[in-house]
Structure formats: C-alpha cells, structure tokens
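Below, each chain spelled out in residue letters.
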Amino acid sequence: MNYTKLISVADLAQQLGTAELVIFDCRHELTNPEFGPKAYAESHVPGARFAHVDRDLSGPLDGKNGRHPLPEATAFIAWLGRMGVANDSQVIGYDHAGGTYAARLWWMLRWVGHRNVAVVDGGWQAWTGAGHPVTQDLPAPRPAKFSGKPDRSWVDAATIVKHLNSGEMILIDARSNDRFHGRNEIIDPVAGHIPGALNRFFKENLNAQGFFKSPEELRAEFKSLVGDASPEKVVHQCGSGVSACHNLLAMEIAGIKGSRLYPGSWSEWIADPSRPITT
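Residues numbered from 1 in each chain as written. Predicted model: local features only at pLDDT ≥ 70, side-chain atom pairs only at ≥ 80, totals over all residues. Heavy atoms only, no water.

Novice: In this structure, what is going on with the overall build of the protein? I would like to understand it.
Specialist: When its secondary structure is counted, the protein shows ten helices and nine strands. Relative to the 2.2 N^0.38 estimate, which gives 19 Å for 279 residues, the radius of gyration of the protein is 18 Å and therefore close to what a compact globule would have. Sorting the 279 residues of the protein into buried and exposed places 52% on the buried side. Sequence-distant contacts, at least 24 apart, represent 75% of the contacts inside the protein between residues at least 6 apart. Counting 28 positive and 30 negative side-chain charges, the protein places the averaged centre of each group 4 Å from the other. (Helix = DSSP H or I, 4+ residues; strand = E, 2+ residues; numbered from the N terminus. Rg over C-alpha atoms; globule rule 2.2 N^0.38 Å. Buried < 20%, exposed > 50% of the residue type's maximum accessible area, 1.4 Å probe, protein only. Contact = heavy atoms within 4.5 Å. Lys, Arg positive; Asp, Glu negative; His and termini not counted. Charge placed at Lys NZ, Arg CZ, Asp CG, Glu CD.)

Structure below.
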C-alpha cells in the first residue's frame, strides 16, 4: 500500500486486516474533549486505535504555547511505536469533521518522516453511509519499532515575527471568516488575526458532500490566493495548529508541495501581548 494523501472508504474496506495497515480514529470536538473517546467506544472502524487530539497529538500546555502545541518528537515517536506503527506501516486516519483532526495526524506523521499516511476522504460519515462494518471491539496493538526523525516543516512565533510584512512569507489562516475578522470569537480570549495573514477557511477544501475537492479545483483556488509564490514561503496557521493541517493537506492534494505549519497559531500568538494583532 502506498497512500500518502487520501484513501476512499472503498479502498480502505478492501484493505481491512492487512498486516501493515494501522488505522486511527481521530474524532474530536474542541469544546468537548471526551466526545472522541465516547464516540470511539460506541463504534469504530474495525482495528482502529484511538488518537486523542489533546493527549496524543499535542504536548503539555504551559500557558504560552497555544492550545495544541507539538509534543516532543521523541514522545510522539514512542507513542507511535506503542500503537503498533512501524516504518513500513500504512497509517490511515479518519474523523467525523471532514478530515480536520485526521489531517493533524497526517501532518505529524510526515513531520517525523513517515510518508505512508493518508486521511479517509469523507470520514466516518462516508464509511458508515456506505454500509461498511463497525465494531466496539478494542484492538490490542502489538508494539513496534518506529524510528522517525523530525524535520523543519514548521515555524515558530519568532519566525513569524521576523517575516511579518517582509514579502518572504505568505501566512494563511484556516479559521472561519468571522473569527479571522475578530467577530464571534468563542474559543480564544483575544479576537482578530496576525497582521498580513490571508484567510482560507479550511471547509472550503470540501465539496457539498464532505469530500475533498478535485486536485484541479484546489490548485486553482490556492493559486488564486498565493499566486506563483514558492510553496516554501507559505505558512499555515489557525487557532491552535489543527485545522491549518487541513489546508496543508489540500495544498498537497493540489500538487503544491512544501508549505509549512505554525503549530502555535493564534492561541500561542496572543499569549504574548507584545505581538501585533489586527481585525
């Protein structure tokens, strides 16, 4: 298997039980951290492990590093090994939110050097809607050796500050338009956005049925945003470095490869009152 961006529910159903397949249920709600574990316990794709966005796909909070800081790479790599991920594993992630949370898993696997990772297109709704099997049985992962190495596919707040208004960076904010403009901010204590950022609500990557748009559509839409700029100049952010990964995945699907993530995102940015904001 060699799925590196998306996998259809039909293809996943055919691959169930394959030795190298490792599936993660990434269902989550930002305002209800126990939603995911509860939904997983009620039913999940056979063989799927659970990946909690707050506990497994994020590091400890210190009040200044945002709501979903990156964990230490060594801790994440060790967790992958405990979950049975080996270097030859085909990792698949799904959620119920259009790939919002599964894309975080996708990006993090790539961050530590694993390329055979994909998101289920259409997610949980597409899986159950097609009548594919679900279960309450809990898998017992056999620990595996995973040897990953983190890369520099992300930037920190200092890098953002350094390149503000320099023309050397195109910052794309994946939050909804009203939150981007400082209206209806219900999650973070300060409203607005980083000066110079462009807005691309991550849900614009999906069609009306909840599947990713075609590579051609996504390419045209992102090109209208970033023009012919080098993808390495593009940095994605959101509220806490989660939905921004959806835009990263969409750009990869579009064939625009090499953009980066600002994991701390808005929730880290506003923790330092000296950093500029705008509405």
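What follows picks up the thread again.
Novice: What should I look at first to understand the sheet that holds strand β4 (residues 90–94) in this one?
Specialist: Spatially, β1-β5-β4-β2-β3 is the arrangement adopted by the five strands of the open sheet, whose pairing is parallel. Each of the sheet's edge strands pairs with one partner strand only, and the pair in question is β1 (6–7) and β3 (49–50). By the bridge criterion, two bridges tie β1 to strand β5 (residues 117–120) in an arrangement that is parallel. Paired with I7 across the two strands is V120, which belongs to β5. This element, helix α4 (residues 100–111), spans β2 (21–25), β4 and β5 of the sheet and lies at about 175 degrees to β5. (Pairing = 2+ DSSP bridges. Axes fitted to C-alpha atoms, helices over the stretch in contact; angles between N-to-C directions.)

Novice: What exactly am I supposed to notice about the environment of F24 here?
Specialist: Assignment of secondary structure puts F24 in strand β2. As a C-alpha pair, F24 and P215 span 191 residues in sequence and 25 Å in three-dimensional space.

Novice: So what exactly am I meant to see when it comes to helix α9 (residues 244–253) here?
Specialist: The α-helix advances 3.6 residues per turn, and as a result positions three or four apart in sequence lie on the same side. Among the ten residues in α9, ten count as buried, and that is most of the element. Backbone geometry just after α9 places G255 at a positive phi near 85 degrees.

Novice: Sorry if this is basic, but what is going on with the nonpolar core here?
Specialist: Nonpolar side chains in soluble globular proteins tend to end up buried together. Formed by 50 residues in total, the largest nonpolar core has its most connected members in F24, L57, F76, W79, L80, W107 and W111. When contributions to this core are tallied by element, the ones reaching two or more residues are β2, α3 (73–82), α4, β5, β6 (170–173), α8 (215–226) and α9. When neighbours within four sequence positions are excluded, L80 is seen to be in contact with V85, L109, V112 and F146. One finds Y3, V9, A48 and V120 within the second-largest nonpolar core, a separate group that totals 17 residues. (Core = buried A, V, L, I, M, F, W, Y, C linked by side-chain atoms within 4.5 Å.)

Novice: Where do I start with the pattern of salt bridges in this structure?
Specialist: Opposite charge on two side chains allows them to pair when their charged atoms are near. Throughout the structure, instances matching the rule amount to 13 salt bridges. Of the charged contacts in the structure, one is a salt bridge between E252 and R110, with a shortest N-O distance of 3.3 Å. Of the two residues, E252 sits in helix α9 while R110 sits in helix α4, which places them 142 residues apart along the sequence. Each member of the pair, E252 together with R110, is buried. Shared partners join several salt bridges into a network, and the residues in it are R67, D173, R175, R179, E185 and D188. (Salt bridge = Lys/Arg side-chain N within 4 Å of Asp/Glu carboxyl O.)

Novice: It is not clear to me how the packing of α8 against α9 should be interpreted in this structure. Could you clarify?
Specialist: Each packed pair of helices is defined by two parameters, the angle between the axes and the distance between the axes. Packing of α8 against α9 brings their axes to within 8 Å, and their N-to-C directions diverge by 115 degrees. Here α8 is positioned roughly perpendicular relative to α9, judged by the angle of their axes. As α8 runs across α9, the sense of the crossing is left-handed. Of the residues in α9, those in contact with P215, L218 and F222 of α8 are N247, A250, M251 and I253. (Parallel < 35°, antiparallel > 145°, perpendicular 65-115°, else oblique. Left-handed = near helix turned anticlockwise from the far one by under 90°.)

Novice: Would you mind showing me how to read unusual backbone geometry here?
Specialist: Across the chain, the bulk of peptide bonds are trans and the bulk of non-glycine residues have phi less than zero. Phi at N165 is positive, roughly 60 degrees, even though this residue is not glycine. Position of N165 relative to the elements: it lies in the loop between α6 (157–163) and β6. Since its relative accessible area comes to 70%, N165 is described here as exposed.

Novice: Just to check I follow, could you spell out the packing of aromatic side chains for this structure?
Specialist: Two aromatic rings are characterised by how far apart their centres lie and by the angle between their planes. This model, assessed by the stated rule, comprises seven aromatic pairs. The interplanar angle of 15 degrees and the centroid separation of 5.9 Å between the aromatic rings of Y94 and W124 together place this pair among those described as stacked. A residue pair is termed long-range when its members are at least 10 positions apart, and Y94 in strand β4 and W124 in helix α5 (residues 123–129) qualify at 30 residues. Neither residue differs from the other here; Y94 and W124 are each classed as buried. Members of the aromatic cluster, connected to one another through ring pairs, are F24, F76, W79, W107 and W111. A cation over an aromatic ring shows up here: R152 above the ring of W154, its NZ or CZ 4.3 Å from the ring centre. Looking at R275, its charged tip hangs above the ring of W269, at a distance of 5.7 Å from the centre. (Phe/Tyr/Trp six-rings, centres within 6.5 Å; stacked < 30°, edge-to-face > 60°. Lys NZ or Arg CZ within 6 Å of the ring centre and 35° of its normal.)

Read these as spatial facts, not as claims about activity.
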